[in-house]
Every structure is written in C-alpha cells, then in structure tokens.
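Examining the three-dimensional arrangement
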Amino acid sequence: MVQSNDVVDLSVFVDEWSRCVSSRFQRDSLYRFGRFDSCTPQWSDLKLAFKAKTLSNPEEAQKIIATTHYQKNLGSDPAASPTAGVIWELKSPPGWD
C-alpha cells in the first residue's frame, strides 16, 4: 500500500531536488563557494522518498524519511541553513525578541 502524503510527502523532495538543479541555485553556489553543486544529497533523498512512499508500513517509511539529508540538515531549523555563517550570522536571541 502506498503511503499517504501525511506520512511521505514527495513534493518536498521533488521541490528540493528541482531547486538544487535550477540555474539560479547553481549560479548562487558558484558565486558563494566557487563551484557548482552536484545535488547528490537531494537526489539521494528523492530516491529514499520514493522508496518510503511504496512501503506498506508507515513507521518504517517515517524511519527512512528521518534519515534524509533534508530532515537532518535543512527542514525548518535556521541553524541548519546552508547560508548561515557564509552569507549571514545567526543572532542569539533573534532581533524580534
């Protein structure tokens, strides 16, 4: 049985991969780091997401999704931002507090 979007949302991983291979992201990577990004973590995440989507056990699918580059390094944590420390410094506490 295929997992619902509540368990495995493929659109997140497709969006991340397509963002990475876009010309704007590659241009920014070249400007910031002096090289193009290979997008290997995003491609691996996309393959894992497709694998998790086809599993019959939701708990096993969530375990696979928890191991992805997106969940470990990006997600909604500002400290994991790829530009934190390169383009801007994190404030502690944030300016709105």
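Rules used throughout
Residues numbered from 1 in each chain as written. Predicted model: local features only at pLDDT ≥ 70, side-chain atom pairs only at ≥ 80, totals over all residues. Heavy atoms only, no water. Helix = DSSP H or I, 4+ residues; strand = E, 2+ residues; numbered from the N terminus. Buried < 20%, exposed > 50% of the residue type's maximum accessible area, 1.4 Å probe, protein only. Contact = heavy atoms within 4.5 Å. Areas by Shrake-Rupley, 256 points an atom, 1.4 Å probe, with all protein chains shown as cover. Axes fitted to C-alpha atoms, helices over the stretch in contact; angles between N-to-C directions. Parallel < 35°, antiparallel > 145°, perpendicular 65-115°, else oblique. Nonpolar A, V, L, I, M, F, W, Y, C, P; charged D, E, K, R; others polar. Core = buried A, V, L, I, M, F, W, Y, C linked by side-chain atoms within 4.5 Å. Salt bridge = Lys/Arg side-chain N within 4 Å of Asp/Glu carboxyl O. pLDDT = per-residue confidence, 0-100.

**Focus on the overall build of the chain**
Helix and strand counts for the chain stand at 5 helices and 0 strands. When the helices and strands of the chain are listed from N to C terminus, the series reads α-α-α-α-α. In the chain, which comprises 97 residues, the share counted as buried stands at 24%. Restricting the contact set of the chain to residue pairs at least 6 apart, pairs at least 24 apart contribute 55%. For the chain, the exposed surface amounts to about 6,900 Å²; the carbon and sulfur share of it is 56%.

**Section: the packing of helix H1 (residues 10-21) against helix H2 (residues 23-33)**
Contact geometry of H1 with H2 gives a least axis separation of 4 Å together with a crossing angle of 60°. On the basis of their axis angle, the class for H1 and H2 is oblique. For the pair formed by H1 and H2, the contact residues are Arg19, Cys20 and Val21 on the first element and Ser23, Phe25 and Gln26 on the second. Taken together, the residues of the contact of H1 with H2 break down into 3 nonpolar, 2 polar and 1 charged.

**Some points on the nonpolar core**
Membership of the largest hydrophobic core is limited to 12 residues, which are Val8, Leu10, Phe13, Leu46, Ala49, Ala52, Leu55, Ala61, Ile64, Ile65, Tyr70 and Leu74. For this core, the elements supplying multiple residues, two or more each, are H1, helix H3 (40-53) and helix H4 (58-66).

**Remarks on the pattern of salt bridges**
Taken as a whole and judged by the stated rule, the model has 2 salt bridges. The partner of Arg19 in a salt bridge is Glu16, with the nearest N and O atoms 2.8 Å apart. Here Arg19 and its partner Glu16 are both found in helix H1, 3 residues apart, which amounts to about one turn of the helix. For the salt bridge of Arg27 with Asp28, the shortest nitrogen-to-oxygen distance reads 3.2 Å. The class for Asp28 is partly exposed, based on a relative accessible area of 22%.

**Points about the confidence of the model for the chain**
For the chain, per-residue confidence averages 83 on the pLDDT scale, and residues scoring 70 or more make up 76% of the total. Averaged pLDDT values for the elements of the chain fall to 81 in helix H5 (residues 69-73) and rise to 93 in H3.

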